[in-house]
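Coordinates in review
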Amino acid sequence: MDTFFLAIGVILVAGILPLTISRQFNLMKSSCLLLMAAGCVIGLSEVLSFLSNSGEAAAANWAWLQIFTLSFKLDTISAFFLIPVFLISPLALLYSFHYLEKPEQSTRTALNYFCYAILVASMALVATANNIVTFALAWELMSLSSFFLVVYEYQAKETRRAGYLYFIFAQGGAMFLFAAFGLIYSHTGSFSFEQVAAIPENIKLLVFILAFIGFGSKAGIFPLHIWLPHAHPAAPSHVSAVMSGVMIKMGIYGIVRIYSLLGSVDMTFAVIVIVAGMITGVLGVVYALGKQDMKKMLAYSSVENIGIILMGLGIGMVGVASGVKTMAFFGFAGAFLHVFNHAIFKSLLFMGAGAVLHKTGTRSINQLGGLMKRMPTTGRSFLAGSIAISGLPPFNGFIGEFLIYFGAFQGLGLHGLPFVLTTLTIISLAVVGGLATACFTKAVGLAFLGEPRSEAAAKADEAGFTMQLVMVLLAASCLLIGIFPEPFVQLAFNGMRDLNLVGAADPGLFLTLVRNIAMTASLFLALIIGITLLRRMLYVRKQVERGPTWGCGFTQPTVRMQYTGTSYAMSMVDFYRPFVPAKTVYSGISKIFPGLTTYETRVEDLAEKYIHRGLIRPLVKYLHKLRWIQHGKIQLYIGYIVLAIVALLIFI
Amino acid sequence: MESIISFGIAMLAAPLFPGVILKMKAFWAGKKGPPLLIKYYTFFKLLKKGSVYSNSTTFVFKMGPTVSLGAAIMALLFFPLGGTAPILAFEGDVILIFYMLALGRFFTICAALDTASPFEGMGAAREAYYSTLAEATVFVILVLFYRLSGALSFAEFFSGPAPITVMGPAGALLLLVIVSLFMVLLTENSRVPVDDPATHLELTMIHEVMILDHSGPDLALIELGAFYKLFFYAAFITHILHPLQYGAPWVNGLVFYGIMALIYAAVGLTESIMARFRMNLVPKFILTSFALVFFATILTMGVIK
């Protein structure tokens, strides 16, 4: 545990140092980077060695403010969720070296690095917190530091709005968490996590629902996801990479943790998680398909992946509840591995989108095109990330999804509700997989391939060196994990050890399966290489020419005739119409020689629409009647405080 | 060894069968039709040619043919052909295979979008759309097969001790599966009534329009991949129709290729008596296949105790 705190200490120093030397712009950035890397390497080595040894969970306690104890514990679940924290954070910071390159904003950059370090440290603390007070503190620290990271470009009104929205969701979610913690405290009379399992069964369900809502608002479960598509585009790209790749997983960590603490094997928990997962997964990917803003699309795709992870957890819980061991095992293992994999490819994709934004100044797919030639490294890495996130072999995304599928299939022997749930999960996974492929062929095919649709895209050039380096590293690891999944599956396997509900299962089946997939993946790669060589041979001494694209007889094509993201996705989005309201504004053509015609179509978010209509508007209406409390007179405000203290002294 | 020979025969024979479709269509149209070996002739003709590449394209365009062919070959490697066990098999291979085919589609779509052609974009959008629906049907079929056999591998489905077949105890359910699998075959392989590869107007095509810019050996590889994919789906239906357990490998092989020819003939017959659907009817067509197998799966809740 001491090494872990050393890592946290180094990371915090990495955050504080830039504040003192912000005038030396490059020195500041590189020193922060070095310290962060050092801290994370220390943390990572500690976590990995802990996971590979079958040691006991390490714990540490500190007294704080006389009455509270700060309590930390490193068990395998925490350790597993710490891997992405320590792995992605330094890489994203390295990426930011060429991303934040305005020396005149050095103070702001220093502050960004400070908040970044606080975020990394607080995420590590969330994953190791072992009582209610510690958890709440770390959780709030995480929400606040990420809020400041989101509002980096605070001059833009859009960014401030996104920041406030995120703030409201973070705090609203925290309120649900506190309600859950309050319920626990009222039954156990202790802040400790150890006694949570002792509360009565019916309270457990309530605690779980409250915590699920609270953690769900962080993770981005439908309909609590609406801050994601606003906050991610507003934040700088290295921040969106870490927030989407790592931070929202803390919500998943919370759900896993509360589930393991409650220690209940009720089917209701599984039903909640699995149904939320299906809705989140399918709607997330349909919205992602409907969005033309690259970062918004990626944010919705994070929602989709949270859905996949929840489906995995849900399958695991169904397995636990109905006593099918293999199902429980594969479900949880798939979910865990997908947490890790998603951290890699989602941060890669956000960095790719960030590089494009940095060089072209636009996030809209409909303005891009042809970037593969102008930004070859970014384009190739983005392609790799896209294949991985679509869950296609031989990349890493497939492995996690495969384990979840396999777990789900094991549950098909059940009867009644569990059977229906698993069948629906399999169908949802298939639908999500298909739509994700459609979504990311759109991203790659329209933004990186074809011809540039705007001047900015035509003039783009390759991103800075550190940005390229990080993207190549991440893309390579996507392929590497896909071809050699065994050690990584083993990691997920070890991570689940302290999830004591699952119990010890036989790793034999697991490893044979993973080895078979690995073997097939290598075989496939070999086959592709073989066909490529054959293709080369077929072209030896052949006439190969270049010419314009065949326009089916039309000789004056322009780049504006290309399919756009909107037209590509429209029929698919249309299919899900009642759940995905699309608004179309079309001026129509009335004359024989039509004049200026406009056509606009926008996909709206159902949750956003109805939360605004059903919750915010009535709430504002009633709260408006209390406006007289806010009158702006400072002496009366002090009076409120005095009154409140007096009232508290009387009643408590 | 038997498996490898059988696989080799399948690899060589796959281009023959689309000829059967053409013969069938010609028969119903009262024409003589092209020779049965037409697809071999075109294949070798294409191999001899050079290529013209669009100025817009990148390396992704050239990966389209390679990956789609590779994925289709992978599918056949895991499939029991002509009564022999597949070359490779493991528990869970079916999921891997359908995801491999999806990878092939990913690159075909990207290659189409790489040309910057509006027509190819249109084809790509349709291909992506319809395949998301067809994928759901395929996975419900897998759910049903798992219920029937307790396995997740083609080898276990068809060459295990209790193969899945209409002759078996759950035969009535499998009739529904055959119909829906036939519909998936038509969808995934761009046949009438979903797509018309022979139409004269690019605007109405799906798959053919996506490969407009491919020429020469590249086109030959795409065609070969398409033959293998069609072969895979047809073999899938063949196995459900009839279990291949005669003992002697040559009898098995003969029965297998006989039924295969019948299925291809059925495709040809469908093409002769039907016109291509309007685009907005295609999703309904695919959803019908989904509904059929979903219904069959629900029925297993009563059948299998």
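Being a predicted model, the structure only gives us computed values, none of them experimental. (Residues numbered from 1 in each chain as written. Chains lettered and ligands numbered in written order. Predicted model: local features only at pLDDT ≥ 70, side-chain atom pairs only at ≥ 80, totals over all residues.)

**Describing the overall build of chain B**
Along its length, chain B carries 12 helices and one strand. Each helix and strand of chain B, placed in order from N terminus to C terminus, yields the pattern α-α-α-β-α-α-α-α-α-α-α-α-α. Dimensions along the principal axes, computed over C-alpha positions, put chain B at roughly 60 × 45 × 40 Å. The buried share among the 305 residues of chain B stands at 61%. Counting only contacts in chain B whose residues sit at least 6 apart along the sequence, the fraction spanning at least 24 positions is 78%. (Helix = DSSP H or I, 4+ residues; strand = E, 2+ residues; numbered from the N terminus. Buried ≥ 20, exposed ≤ 12 C-beta atoms within 10 Å, placed from the backbone. Contact = placed C-beta atoms within 7 Å.)

**Details of helix H6 (residues 157–188) of chain A**
Residues and elements named next belong to chain A. When the terminal C-alpha atoms of H6 are compared, their 46 Å separation across 32 residues agrees well with the 46 Å that a helix rising 1.5 Å per residue should span. Taken residue by residue, H6 has Ala-162, Gly-163, Tyr-166, Phe-169, Ala-170, Gly-173, Leu-177, Ala-180, Phe-181 and Ile-184 as its buried positions. Buried positions along H6 lie against helix H5 (132–150), helix H7 (201–219) and helix H8 (228–234). Gly-189 sits one or two positions beyond H6 and adopts a positive phi of about 70 degrees. (Expected span 1.5 Å × (residues − 1).)

**Quick notes on the domain arrangement of chain A**
On domain assignment, one finds that chain A holds domain 1 (1–259) and domain 2 (606–652). A straight line from the C-alpha centre of domain 1 of chain A to that of domain 2 of chain A covers 29 Å. (Domains from an automatic or database assignment.)

**Here's the deal with the interface of chain B and chain A**
Contact with chain B, which involves 61 residues of that partner, is made by 63 residues of chain A. Ranked by residue count, the leading element in the side of chain B that touches chain A is helix H6 (residues 118–149) of chain B, at 17 residues. Considering only residue class, the side of chain B that touches chain A consists of 38 nonpolar, 16 polar and seven charged. Both strand E3 (residues 544–547) of chain A and strand E1 (residues 51–54) of chain B contribute to a ladder of four bridges, which runs parallel. When the sheet's bridge partners are listed, Val-544 of chain A is paired in E1 of chain B with Ser-51 of chain B. (Nonpolar A, V, L, I, M, F, W, Y, C, P; charged D, E, K, R; others polar. Pairing = 2+ DSSP bridges.)

**So, the nonpolar core**
Counting 340 residues, the largest nonpolar core has Met-123, Ala-333 and Ala-492 of chain A together with Ala-75, Leu-76 and Phe-231 of chain B as its most contacted members. Top contributing element to this core by residue count: helix H12 (residues 325–360) of chain A, with 21 residues. Discounting residues that sit within four places of it in the chain, Ala-75 of chain B has contacts with Ile-97, Met-100, Leu-101 and Phe-232 of chain B. (Core = buried A, V, L, I, M, F, W, Y, C linked by C-beta atoms within 7 Å.)

**Topic: the environment of Leu-65 of chain A**
Residue position: Leu-65 of chain A is located in the loop between strand E1 (58–64) and strand E2 (68–74). When the C-alpha atoms of Leu-65 of chain A and Pro-557 of chain A are compared, they prove to be 72 Å apart, with 492 residues separating the residues in sequence.

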